[in-house]
Amino acid sequence: MMTNYTLTWDLDAIYEGGSDSSAFVAELAGMEADIEVLTQELQAAAEQSNVSREPVKGEQLTAWTGTVQSILLRLRQVDSFVSCLLAQKMKDSTAQGLNDRVKTMAAKFNSALTSFDEQLRLVDERDWKRWIKQEAVSPVAFILNERREAAKEKLPPSLEALAGELSVDGYHGWGDFYNTIVSRARFQVTEEDGSTKFLSAGQMHNRLSHPDRDVRSAAFIEWEREWGEQAELSAETLNRISGFRLKLYGKRGWESVLKEPLEMNRMSEATLNAMWTAVNEGKLELVRYLDRKAELLGIAKLDWHDVDAPIGSASRTVPYDEAAAFIIDQFRAFSPDLAKFTEKAFEEGWIEAEDRPGKRPGGFCTSFPKSKQTRIFMTYSGTASNISTLAHELGHAYHQYVMDDLPPFAQEYAMNVAETASTFAELIVSDSALQAAIDPEEKLGLLEDKLQRSVAFFMNIHARFLFETRFYEQRKKGMLSQEELSSLMEEALREAFNGALGKLHPNFWASKLHFYLTDVPFYNFPYTFGFLFSCGIYAVAKKEGKAFADRYVELLRDTGRMTVEALAEKHLGVRLDEPDFWRGAVAVTTEDVHTFLKLTEK
């Protein structure tokens, strides 16, 4: 019998009372006090070091390492809570105030971290090697070494701390302004009975993949119109965010805008270039798929809003409970542990999926490491794309679950390997369903949905990367107008899609949250990395069967404590800074294209 799962999440299990939670306020107060004590201790140590020229003793470093990790764990927790509050109700003014408080506290903690890193940097190399081997710190030795080396490339601690404090109302403030912009956006639609209503961005975005092309086309026209109305504010916001980054990078002596995102993702530029080389080679086959899809839809060329249009029986609306049961069954075929965890997430209300006004668009998974729980946010309307998103976010959640017992520093995995777990989960669901499908129409629908994701990672994400790279180069000369931004966006879309699209989405830069995230610069190429890396992992999993499940968990557990190159060499025996591995991963999509073309031959 199918279980009836709730469509709304339970945040009270984390902090009861939502925006008015007294437990949450108490948590914040405790953290603020701990950050203040840590700051004072580090300041005193810095003053002493200036006088004596002697670094602090190992015992003190060990104590600070424990304190820093304790605060980090709680900071991730409270930041996740306010993110959930604002996502479920964008105009929650109380939550906005709490978000400001968390951002201010995070800036103070980052200032303390800068001072902590400076103390790590001051330790003599011989003493450092001895200290890092001690039992209390050796489990996080990789992260501590990483922080120590990074400190050598930054400004003096006092200036880094000042930049962090100023960023709260500047850099991060501009980033948060995206939420204000998207909450202002109102999309007008006309229903079949002639009535008119207004939708939120999240609701309207689902219409862009509606089975009926007339509905899609009307939705896209309205989507582009409204984001055009908001583009002046969006342009101002994006220019200010990029301007802050560029000025800070310049003061640090960093010439490349890719330096920070690459280091955050623990990968080399050689690996990034090897990946894009293989992707560009594989796009030729994807263009054949896009052309065939246009033919099936009865149009000369796909427009932007046709790319995610469903083909085959995947166009039917799937009830939420049916989607949940489907995902759990496919996960179980790979790992009973993954299936058991997923059932827990559904049963305990970890997922916000209700289709209602006032919600933020998009989907995400966020962790509450202190509570050892996660929460997933999306707007579910029953499409195949929604099911993929749900599986994707559950992959994120499982990744955190298998790391819950590790030290907080070792849980800090980068975005690119985080996307590996989520995309791997998508592959399990889509490929299993595809293999099991008997009806040709159903098989076509499932395959087409899978290829949509390949287009997203090979083309859509590449367009974002091209846009952002070129935007930053031009931004060095001055601010760009909304017309210039739209022109850059169109150019990137044409190139990334190899000219396969008709109507483009020139205001994509204005509508996409990822361009406005200040915690993670270049929130794009890690998605493609994760997709292709997971394709390689999935190939191993298919070859080894259920025996690979335990190795997969060990790979995930290592994602926060080594570079991606070392991770791949240890668990897969491959090199990521050469194209061969990536070409093999791209071949998975090429095979899907050939199957699709064969299924759709006249």
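Residues numbered from 1 in each chain as written. Predicted model: local features only at pLDDT ≥ 70, side-chain atom pairs only at ≥ 80, totals over all residues. Heavy atoms only, no water.

Re the side chain of Ser511
Link 1 in the chain: Of note, Ser511 is situated in helix 18 (residues 508-511).
Link 2 in the chain: Sequence-distant contacts of Ser511, that is, excluding residues within four places in its chain, are made with Tyr178, Trp223, Trp227 and His505. (Helix = DSSP H or I, 4+ residues; strand = E, 2+ residues; numbered from the N terminus. Contact = heavy atoms within 4.5 Å.)

Points about helix 14 (residues 384-401)
Link 1 in the chain: Taking 1.5 Å per residue as the helical rise, helix 14 with its 18 residues ought to reach 26 Å, and the 26 Å between its terminal C-alpha atoms agrees with that figure.
Link 2 in the chain: Counting buried positions along helix 14 gives 15 out of 18 residues, so the element sits mostly inside the fold. (Expected span 1.5 Å × (residues − 1). Buried < 20%, exposed > 50% of the residue type's maximum accessible area, 1.4 Å probe, protein only.)

Description of the packing of aromatic side chains
Link 1 in the chain: Considering all chains together, one arrives at 43 aromatic pairs under this definition.
Link 2 in the chain: On the numbers, 5.8 Å between centres and 75° between planes, the contact of Phe424 with Tyr538 is edge-to-face. Note that Phe424 is positioned in helix 15 (residues 415-436) and Tyr538 in helix 19 (residues 525-544), a separation of 114 residues in sequence.
Link 3 in the chain: Classification of Tyr538 as buried rests on a relative accessible area of 13%. (Phe/Tyr/Trp six-rings, centres within 6.5 Å; stacked < 30°, edge-to-face > 60°.)

Concerning a negative patch on the surface
Link 1 in the chain: Residues Glu192, Asp193, Asp212 and Asp214 make up a contiguous surface patch of negative charge.
Link 2 in the chain: Along the polypeptide, Asp193 turns up in the loop between strand 1 (187-190) and strand 2 (196-199). (Patch = residues over 30% accessible without salt bridge, like charges linked within 9 Å, V, L, I, M, F, W, Y side chains within 5 Å. Areas by Shrake-Rupley, 256 points an atom, 1.4 Å probe, with all protein chains shown as cover. Salt bridge = Lys/Arg side-chain N within 4 Å of Asp/Glu carboxyl O. Lys, Arg positive; Asp, Glu negative; His and termini not counted. Charge placed at Lys NZ, Arg CZ, Asp CG, Glu CD.)

Looking at helix 1 (residues 22-52)
Link 1 in the chain: In this model, helix 1 (31 residues) spans 45 Å end to end at C-alpha, consistent with the 45 Å of a helix rising 1.5 Å per residue.
Link 2 in the chain: Residues of helix 1 that are buried: Phe24, Glu27, Leu28, Met31, Ile35, Leu38, Thr39, Leu42, Ala45 and Ser49.
Link 3 in the chain: Looking at the packing, one finds that the buried side of helix 1 touches helix 2 (58-88) and helix 3 (93-122).
Link 4 in the chain: The residue sitting at the N-terminus of helix 1 and contributing the capping side-chain oxygen is Ser21; that oxygen lies 3.4 Å from the backbone nitrogen of Ala23. (Polar contact = N/O pair within 3.5 Å; in protein donor to acceptor, adjacent residues only side chain to side chain.)

Regarding the side chain of Ser111
Link 1 in the chain: Mapped onto the fold, Ser111 is located in helix 3.
Link 2 in the chain: Ser111 gets classed as buried once you look at its relative accessible area, which sits at 11%.
Link 3 in the chain: In contact with Ser111, other than residues within four places in its own chain, are Ala161 and Glu165.

Observations regarding the nonpolar core
Link 1 in the chain: Counting 149 residues, the largest nonpolar core has Phe331, Phe467 and Trp509 as its most contacted members.
Link 2 in the chain: Of the residues forming this core, the biggest block, 14 residues, is contributed by helix 16 (residues 440-475).
Link 3 in the chain: When sequence neighbours within four positions are dropped, the list of residues in contact with Phe331 reads Leu338, Ala339, Thr342, Ala391, Leu394, Ala425, Ile428 and Val429.
Link 4 in the chain: Grouped together as the second largest cluster of nonpolar side chains are 48 residues, Ala45, Leu61, Val78 and Trp131 included. (Core = buried A, V, L, I, M, F, W, Y, C linked by side-chain atoms within 4.5 Å.)

As for a nonpolar patch on the surface
Link 1 in the chain: A grouping of Leu159, Leu162 and Leu166 is seen on the molecular surface, where their side chains present a nonpolar patch of about 280 Å² in accessible area.
Link 2 in the chain: For Leu162, the location among the structural elements is in helix 6 (residues 157-169).
Link 3 in the chain: Taking the relative accessible area as the measure of exposure, Leu162 reaches 43% and is therefore partly exposed.

Some remarks on unusual backbone geometry
Link 1 in the chain: For Arg266, which is not glycine, the phi torsion reads 50° and is therefore positive.
Link 2 in the chain: Turning to its location among the elements, Arg266 is positioned in the loop between helix 10 (259-264) and helix 11 (269-297).
Link 3 in the chain: Classification of Arg266 by relative accessible area gives buried; the value is 10%.
Link 4 in the chain: Its identity as a non-glycine residue notwithstanding, Asn498 has a phi of 50°, on the positive side.
Link 5 in the chain: The topology assignment puts Asn498 in the loop between helix 17 (482-496) and helix 18.

Describing the confidence of the model for the protein chain
Link 1 in the chain: The predicted model of the protein chain averages 92 in pLDDT, with 99% of residues at 70 or higher.
Link 2 in the chain: When the elements of the protein chain are averaged for pLDDT, helix 15 gives the smallest value, 85, and helix 17 the largest, 98. (pLDDT = per-residue confidence, 0-100.)

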